[in-house]
Amino acid sequence: MSAATSKSPDAPRTMLVAQTLIGVQVVAASGKKLGHVIDLELDPENGFRITAIELGRFGWLDRLHVLRPVAHGRSSSGPRVIPWSDVDRLAGRKLHLKTEAGGADT
Amino acid sequence: MPAKRASGLSHVEPGDEHRTMFMRDLVDGQLRTLDGKRIGRAADVEAEWGADGSLVLKRLVLGPEVHLGRISHRLVGPARRLLKGRFDHRIEIEEVEEIGPSVMLRRRASDYDVGNADQWIIDHIFRFIPGSGR
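Position numbers for residues start from 1 in each chain and track the written sequence from start to end. Lettering for chains starts from A, numbering for ligands starts from 1, and both go in the order in which the items are written. pLDDT decides what is reported in this predicted model: residues at 70 or higher carry local features, side-chain atom pairs at 80 or more are listed and counted, and totals for whole chains, interfaces and linings draw on all residues regardless. Working from all heavy atoms in the structure, the side-chain values ignore hydrogens and water.

## Considerations on a nonpolar patch on the surface
Note that patches include only residues with greater than 30% relative accessible area and no salt bridge, and the join distances are 9 Å for like charges and 5 Å for nonpolar side chains (Val, Leu, Ile, Met, Phe, Trp, Tyr). Residue exposure ignores everything except the shown protein chains as possible cover, and the areas themselves are Shrake-Rupley values with a 1.4 Å probe. Any carboxyl oxygen of Asp or Glu that lies within 4 Å of a side-chain nitrogen of Lys or Arg is treated as forming a salt bridge with it. Together, Leu68, Ile71 and Leu75 of chain B make up an exposed nonpolar region whose accessible area comes to about 260 Å². Tracing the chain through its elements places leucine 68 of chain B in helix H2 (residues 64-71). Under the scheme used here, helices are H or I runs from DSSP no shorter than 4 residues and strands are E runs no shorter than 2 residues, and both carry numbers assigned from the N terminus.

Below, the structure is given as structure tokens:
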């Protein structure tokens, strides 16, 4: 399974989601690094579509929620969520967005 | 964790309508069949790109090869050469009935081709352990 794929028509059509997407770096349209994918939101009511990506700043530490006890009370911001519609392409281990900040919720 | 039906909001418990589902609810979740048997854990989920740029989940993937790939991308090649996909199994995502503490499937265990690794261990390993009841 190739880790390099994109939304273009000639890209590979299938992928293993956890292996390919979890942990990849998310890059805004300007090239600014926003963080890493720690989870994906999905919609079971709509054919199990991926609807959003959840961003973390510390990679696997965020994925394992290691930082949650430390961050609790010190920061009011939750995980940043970017709608899947803002995703442009996946190239190698980088997920490129169409927009600057991806409309990230904080 | 409250369970959520994969289809049909009428089955969702009151107050649970807006619960967001995540990949972590599916991946590594215990798969339970209609007859209550545990048949393994989803190591990953196969998805397909839609023509409109959407990414849609299609199949749960079980097996050691996929697990190794999640540990490190460097293990993908060696695992593929060694195991040759012999122990990988797939279950269509439409088979998922409910997502909760376990991932509930629509049919009985005998309807799914997921190998018999657990049964092999019971038959060949556990039977030597005193008190196993075999």
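Having seen it, we continue.
## Section: the pairing of strand E5 (residues 44-49) of chain B
Residues and elements named next belong to chain B. In this scheme, a residue with accessible area under 20% of its type's maximum is buried, one over 50% is exposed, and one in between is partly exposed, where area comes from a 1.4 Å probe on protein chains only. In terms of residue burial, E5 counts as a mostly covered element, since 5 of its 6 residues are buried. Both E5 and strand E6 (residues 55-62) contribute to a ladder of 6 bridges, which runs antiparallel. Directly across from glutamate 48, in E6, lies its bridge partner valine 56. Hairpin remark: E5 followed by E6, antiparallel, with 5 residues in the connecting loop; positive phi at glycine 53, about 90°. Criterion used throughout: strands pair if DSSP finds at least two bridges between them.

## Brief notes about the nonpolar core
Side chains that are nonpolar tend, in soluble globular proteins, to be buried together. In this structure, Leu26 and Leu57 of chain B are the most contacted members of the largest nonpolar core, which totals 45 residues. Whether two residues are in contact is decided by their heavy atoms: any pair within 4.5 Å suffices. If we ignore the near neighbours within four places in the chain, the residues touching leucine 26 of chain B are Leu42 and Phe48 of chain A together with Ala42, Val45, Leu57, Leu60, Ile93, Ile99 and Val103 of chain B. The term nonpolar core refers to a set of buried residues drawn from Ala, Val, Leu, Ile, Met, Phe, Trp, Tyr and Cys, joined through side-chain atoms within 4.5 Å.

## Some remarks on the environment of arginine 86 of chain B
Residues and elements named next belong to chain B. Summarising the element assignment, arginine 86 is placed in the loop between helix H3 (76-83) and strand E7 (89-92). For arginine 86, a relative accessible area of 54% gives the class exposed. Considering only alpha carbons, one finds arginine 86 and glutamate 65, 21 residues apart in sequence, at a separation of 9.0 Å.

## Describing the packing of aromatic side chains
By convention, a stacked pair of Phe, Tyr or Trp rings (six-membered ring in the case of Trp) has centres within 6.5 Å and planes under 30 degrees apart, an edge-to-face pair has planes over 60 apart, and any other such pair is tilted. Evaluation of the coordinates by the stated rule reveals 1 aromatic pair over all chains. Taking the ring centre of phenylalanine 22 of chain B as reference, the NZ or CZ of arginine 24 of chain B above it sits at 4.3 Å. Geometrically, a charge over a ring is one whose NZ (Lys) or CZ (Arg) sits within 6 Å of the ring centre while staying within 35 degrees of the ring normal.

## With respect to the packing of H2 of chain B against H3 of chain B
Residue and element names in this part refer to chain B. Throughout, an axis means a line fitted to C-alpha atoms (over the contacting stretch in the case of helices), and angles, computed between N-to-C directions, take values from 0 to 180 degrees. For the pair H2 and H3, the least separation of the axes is 9 Å and the interaxial angle reads 165°. With respect to H3, the axis of H2 lies roughly antiparallel. Taken as a pair, H2 and H3 cross one another with a handedness that is right-handed. Across the interface between the two elements, Pro64, Glu65, Leu68 and Gly69 of H2 pack against Val76, Ala79, Arg80 and Leu83 of H3. Small angles under 35 degrees read as roughly parallel and large ones over 145 as roughly antiparallel, with 65 to 115 read as roughly perpendicular and the rest as oblique. Each crossing gets its handedness from the near helix: less than a right angle anticlockwise from the far helix is left-handed, clockwise is right-handed.

## Overview of the interface of chain B and chain A
Opposite the 37 residues of chain B that make contact, chain A presents 27 residues. Two parts placed together each lose some accessible area under a 1.4 Å probe, and the buried area is that loss summed for both. With both sides pooled, the region where chain B packs onto chain A buries about 2,900 Å², and carbon together with sulfur makes up 60% of that total. Here chain B and chain A share 2 salt bridges between them. Arginine 49 of chain A serves as the salt-bridge partner of aspartate 52 of chain B, at 3.7 Å between the closest nitrogen and oxygen.

## Describing the confidence of the model for chain A
Summary of the metric used: pLDDT quantifies the predictor's per-residue confidence within the range 0 to 100. Scored by pLDDT, chain A comes out at a mean of 75, with 62% of its residues at no less than 70. Predicted confidence is poor over residues 1-6 of chain A, with pLDDT under 50, and the contacts of this stretch with residues over four places away or in other chains come to 22 contacts.

## Comments concerning H3 of chain B
Those residues of H3 of chain B not exposed but buried are Val76, Ala79 and Leu83 of chain B. Seen end-on, H3 of chain B carries its buried residues on one side only, within an arc spanning 70°. Opposite the buried face of H3 of chain B, by more than 90 degrees, sit the exposed residues Arg81 and Leu82 of chain B. Where the residues of H3 of chain B are buried, they touch helix H1 (17-21) of chain A together with H2 of chain B. Think of the arc as the fan of directions from the helix axis to the C-beta atoms.

## A closer look at the pattern of salt bridges
All names here are of chain B. Overall, the coordinates contain 10 salt bridges over all chains when judged by the stated rule. Among the salt bridges present, the one from glutamate 46 reaches arginine 59, with a minimum N-O distance of 2.6 Å. Here arginine 59 lies in strand E6 and glutamate 46 lies in strand E5, a separation of 13 residues in the sequence. Neither residue differs from the other here; glutamate 46 and arginine 59 are each classed as buried. A salt bridge links glutamate 46 to arginine 90; the shortest N-O distance between them is 3.0 Å. With a gap of 44 residues between them, glutamate 46 in strand E5 and arginine 90 in strand E7 connect regions that are remote in the sequence. What makes glutamate 46 buried here is its relative accessible area of 7%. A relative accessible area of 42% places arginine 90 in the partly exposed class. Via salt bridges that share partners, Glu46, Glu48, Arg59, Arg90 and Glu92 belong to a single interconnected network.

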